[in-house]
Amino acid sequence: MDLSEMLGRKKGILSDMDGVIYHGNQLLPGVTEFVSWLKQNGKQFLFLTNSSERTPRELREKLTRMGLDVGVEHFYTSALATAAFLESQHAGGTAYVIGGNGLVNALYEAGFAMNDVNPDYVVVGETHSYSYDTITLAINLVQRGARLIGTNPDLTGPGEHGLVPATGAIISPIELATGRKAYFVGKPNPLMMRQALKRLGCTREESLIVGDRMDTDIIAGIESEIDTILVLSGVSTLEDLPQFPYQPHFVMNNVGDIPAGRTVRDIPRFSHVPESATKDSKRS
Ligand SMILES: [Mg+2]
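This structure is a prediction, so every number in the text was calculated from the model and none was measured.

Novice: Give a detailed account of the overall build of the chain, specifying residues and quantitative values.
Specialist: Per the secondary structure count, the chain includes eleven helices and 16 strands. At 19 Å, the chain has a C-alpha radius of gyration in line with the 19 Å of a compact globule built from 284 residues. Seen through its principal axes, the chain has C-alpha atoms that stretch 65 × 40 × 35 Å. Looking at the chain residue by residue over its 284 residues, the buried ones come to 46%. Long-range contacts, defined as pairs at least 24 residues apart, comprise 67% of the intrachain contacts of the chain with a sequence gap of at least 6.

Here you go:
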């Protein structure tokens, strides 16, 4: 089975965004072709981001400004994954949140109420607005028994003028002061991938992960047993690959190589061929 046949058999695509779809406010090469290919071939797809700051609607608007039209249902954030996780753990619970609209909205929609006196959880995500006072309150709430949750473990993210602190960095004073370790829901936790698959309505064998980072996207695929494509348009480079004990299934320059069926390197082995595909190939 060649690459294009394999791609043809995949029903669901989980694609990372930063370094895959855009960088800063710029669409990356091949993205328009990739999205047309997804739509024309009737693929189910989700754009994933570990950042919990924005709502799906805000992400959609960001892509629209860059000239890409993708419906709001195609975005999945670590905020949505965190809200789904907390709902499964403690439906109707309460939370004190240090985070952006994306996180607050997701928790409200999952039936959580905000509480800054005795919440079940302290939930932290990316935000521009936190302060000494909010961190102090969070520390005291955790000290009094609230469980500490981080939407994603990233220490930094891309900002307009360089790096900005991400959830892992924002939450660490709370961890240090309380001696408690946060539980992180976003990538590389396979939980986020499983929830995304559920939303796609695809099995892991039917799905494919596209990402630009070995240490988050590709490991998340490996640990959830979903085939992976590493694109070289973001963080990880070809030279980085030998350092990792696991490898992606395909390496491509950018997502435009997916419709083109062009790889920089591939491992000629498909670990997770869909059930139907296996039967078909046996017949031929
Ligand atoms: Mg990325």
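Novice: Tell me about the domain arrangement of the chain, residues and numbers included.
Specialist: Domain annotation of the chain identifies domain 1 (3-50 + 188-283) and domain 2 (79-184). In this structure, domain 1 and domain 2 have C-alpha centres spaced 29 Å apart. Of the residues belonging to the side of domain 1 that touches domain 2, the class tally is two nonpolar, four polar and one charged.

Novice: Requested: an account of the environment of glycine 111, with residues and values cited.
Specialist: Mapped onto the elements, glycine 111 comes out in the loop between α5 (101-109) and β7 (113-114). Counting along the chain gives 28 residues from glycine 111 to alanine 83, while the straight-line C-alpha distance between them is 8.9 Å. Apart from residues no more than four positions distant in its own chain, glycine 111 is found in contact with Glu87, Ala91 and Gly92.

Novice: Give me the lowdown on helix α2 (residues 31-40), citing residues and values where you can.
Specialist: Each turn of an α-helix holds 3.6 residues, which means side chains three or four residues apart point in the same direction. Within the span of α2, buried status applies to Val31, Phe34 and Val35. Taken around the axis of α2, the buried residues stretch over an arc of 95°, which confines them to a single face. Exposed positions of α2 whose direction lies more than 90 degrees from the buried face are Ser36 and Gln40. One or two residues past the end of α2 sits glycine 42, with phi positive at roughly 60°.

Novice: Tell me about the pairing of strand β8 (residues 121-124), and name the residues and values.
Specialist: A two-sided burial pattern is seen for β8, the buried positions comprising Tyr121 and Val123 on one face and Val122 and Val124 on the other. With four bridges joining them, strand β6 (residues 94-98) and β8 adopt parallel strand pairing. Residue isoleucine 98 lies in a different strand from β8, and its bridge partner there is valine 124. As paired strands, β8 and strand β9 (residues 147-150) are joined by four bridges and run parallel to one another. Bridge pairing links valine 122 to leucine 148 in β9.

Novice: With reference to specific residues and values, describe the nonpolar core.
Specialist: Ranked by internal contacts, the top residues of the largest apolar core, which has 72 residues, are Val97, Leu107, Val122, Val123, Ala196 and Val210. Split by domain, the residues of this core number at least three in each of domain 1 (3-50 + 188-283) and domain 2 (79-184). Setting aside its immediate chain neighbours within four residues, valine 97 contacts Leu103, Val104, Leu107, Met114 and Val123.

Novice: Hey, could you go over the packing of helix α4 (residues 78-89) against α5 for me, with residue numbers and the actual values?
Specialist: Angle between the axes and distance between the axes: these two values describe a pair of packed helices. Between α4 and α5, whose axes approach to 8 Å, the crossing angle comes to 30°. Considering their axes alone, α4 and α5 lie roughly parallel with respect to each other. Taken as a pair, α4 and α5 cross one another with a handedness that is right-handed. Within the contact between the two elements, α4 uses Ala79, Leu80, Thr82 and Ala83 and α5 uses Gly102, Leu103, Ala106, Leu107 and Glu109.

Novice: How would you summarise the pairing of strand β14 (residues 227-231) if you had to cite specific residues and measurements?
Specialist: Within β14, five of the five residues are buried, which leaves it mostly tucked inside the rest of the structure. Burial along β14 is two-sided: the face carrying Asp227, Ile229 and Val231 and the face carrying Thr228 and Leu230 are both buried. Here strand β13 (residues 207-211) pairs with β14 via four bridges, running parallel. Looking at β14, one finds that isoleucine 209 is bridged to threonine 228. With helix α9 (residues 214-223) bridging β13 and its parallel neighbour β14, the resulting β-α-β unit is right-handed. Looking at chain direction, β14 and strand β15 (residues 250-252) are connected through three bridges and run parallel. Residue valine 231 lies in a different strand from β15, and its bridge partner there is methionine 252.

Novice: Can you lay out unusual backbone geometry for me, pointing to particular residues and giving the numbers?
Specialist: Residues lysine 187 and proline 188 are joined by a peptide bond in cis, for which omega reads 5°. Looking at where proline 188 falls in the secondary structure, it is placed in the loop between β12 (183-184) and α8 (190-200). For glutamate 225, which is not glycine, the phi torsion reads 55° and is therefore positive. The exposure class of glutamate 225 is partly exposed, given the 13 C-beta atoms found within 10 Å.

So, how was this worked out
- Residues numbered from 1 in each chain as written.
- Predicted model: local features only at pLDDT ≥ 70, side-chain atom pairs only at ≥ 80, totals over all residues.
- Helix = DSSP H or I, 4+ residues; strand = E, 2+ residues; numbered from the N terminus.
- Rg over C-alpha atoms; globule rule 2.2 N^0.38 Å.
- Buried ≥ 20, exposed ≤ 12 C-beta atoms within 10 Å, placed from the backbone.
- Contact = placed C-beta atoms within 7 Å.
- Domains from an automatic or database assignment.
- Nonpolar A, V, L, I, M, F, W, Y, C, P; charged D, E, K, R; others polar.
- Arc of directions from axis to C-beta.
- Pairing = 2+ DSSP bridges.
- Core = buried A, V, L, I, M, F, W, Y, C linked by C-beta atoms within 7 Å.
- Axes fitted to C-alpha atoms, helices over the stretch in contact; angles between N-to-C directions.
- Parallel < 35°, antiparallel > 145°, perpendicular 65-115°, else oblique.
- Left-handed = near helix turned anticlockwise from the far one by under 90°.
- Right-handed = clockwise from strand over helix to strand, strands pointing away.

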